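Examining the three-dimensional arrangement
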Amino acid sequence: MKETFNATGTYKVNHNRFGGFVYPSDFNTDHRGKVRTNGSAIATRIANDNKFDEQCRKNLINRQKLVNE
């Protein structure tokens, strides 16, 4: 019999990024709440968290440029 192995990598925590907040309502998949035309509330929060990370990265680069001048 042929054996199948699933290769998975190790999870490395990156403390340079904001992971966002987890709310109890995130685990309630049965409740839809308001009808959102722009996608789910969870997806919106994830996108906003990514924008926050990107803005922090840009701020860090700008600060480093000022120090090096």
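Residues numbered from 1 in each chain as written. Predicted model: local features only at pLDDT ≥ 70, side-chain atom pairs only at ≥ 80, totals over all residues. Heavy atoms only, no water.

**Things to note about the overall build of the protein**
Helix and strand counts for the protein come out as one helix and zero strands. When burial is assessed residue by residue, the protein has 4% of its 69 residues classed as buried. Roughly 7,200 Å² of accessible area belongs to the protein as shown, and the carbon and sulfur atoms make up 54% of that amount. (Helix = DSSP H or I, 4+ residues; strand = E, 2+ residues; numbered from the N terminus. Buried < 20%, exposed > 50% of the residue type's maximum accessible area, 1.4 Å probe, protein only. Areas by Shrake-Rupley, 256 points an atom, 1.4 Å probe, with all protein chains shown as cover.)

**As for the layout of surface pockets**
Any space left empty among the atoms is revealed by the rolling of a water-sized probe across them. Empty space within the second largest pocket amounts to approximately 180 Å³. In terms of lining, the second largest pocket is formed by N16, R17, N50, D53, E54, C56, R57 and L60. (1 Å grid on protein atoms, 1.4 Å probe; cavity = no way out; pocket = protein on both sides within 12 Å on 5 of 7 lines; lining within 4 Å. Points joined across faces, edges and corners; volume = space filled by probe spheres on them.)

**Observations regarding the side chain of D49**
Position of D49 among the secondary structure elements: in helix α1 (residues 41-68). Despite its burial, D49 pairs with no opposite charge, the nearest such side chain being R45 at 5.9 Å. Every residue in contact with D49, bar those within four places of it in the chain, is listed here: F18, G19, G20 and F21. (Lys, Arg positive; Asp, Glu negative; His and termini not counted. Salt bridge = Lys/Arg side-chain N within 4 Å of Asp/Glu carboxyl O. Contact = heavy atoms within 4.5 Å.)

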